[in-house]
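# Descriptive analysis of the structure
Residues per chain are reported as follows:
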Amino acid sequence: MFHPVANLYWLNDGALQTLTGEEYIARSPGRPTANESLRKRWIEAVDVTGDAAVGKVVLDYPDVVITDYFALLKVGSEWKIVNKIFTRQPKQ
């Protein structure tokens, strides 16, 4: 799903952070978390023009809401994520 050149960007205490798509995938444990049943995810919006698109995905976790914004391009016959930015909103 991520294009090999994809990068991720976010702020941590006001400082810009970045990972390559490859580094991001490598951090995934490959199995559901202990609180998986409490996590909700949905696609909030998609906007497509030709071979370019943006998507907004909301991840509602027990202690935080994460909002992802994806930039996608249709490469050949497949849509690939070329960049991702996200923000975290801690729950009270």
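Details of the structure are given in the entry above.
The sections below set out a description of the structure shown in this document.

Criteria and thresholds
- Residues numbered from 1 in each chain as written.
- Predicted model: local features only at pLDDT ≥ 70, side-chain atom pairs only at ≥ 80, totals over all residues.
- Heavy atoms only, no water.
- Helix = DSSP H or I, 4+ residues; strand = E, 2+ residues; numbered from the N terminus.
- Buried < 20%, exposed > 50% of the residue type's maximum accessible area, 1.4 Å probe, protein only.
- Phe/Tyr/Trp six-rings, centres within 6.5 Å; stacked < 30°, edge-to-face > 60°.

This part covers the environment of Glu-23. Structurally, Glu-23 is set in helix 1 (residues 21-26). In this structure, the C-alpha to C-alpha distance between Glu-23 and Val-46, residues 23 residues apart in sequence, is 25 Å.

Below, the discussion takes up the environment of Asp-51. Take Asp-51: it is sitting in the loop between strand 3 (40-49) and strand 4 (52-60). The exposure class of Asp-51 is partly exposed, given its relative accessible area of 47%. A sequence separation of 28 residues divides Asp-51 from Trp-79, and the C-alpha atoms of the two residues are 8.4 Å apart.

Our next topic: the packing of aromatic side chains. Within the structure shown, the criterion is met by two aromatic pairs. Arranged with centres 5.2 Å apart and planes meeting at 20°, the rings of Trp-10 and Phe-86 form a pair that is stacked. With a gap of 76 residues between them, Trp-10 in strand 1 (residues 2-12) and Phe-86 in strand 6 (residues 78-90) connect regions that are remote in the sequence. Here Trp-10 and Phe-86 have matching classes, each one buried.

Such coordinate-based values are descriptive only and should not be taken to indicate function.
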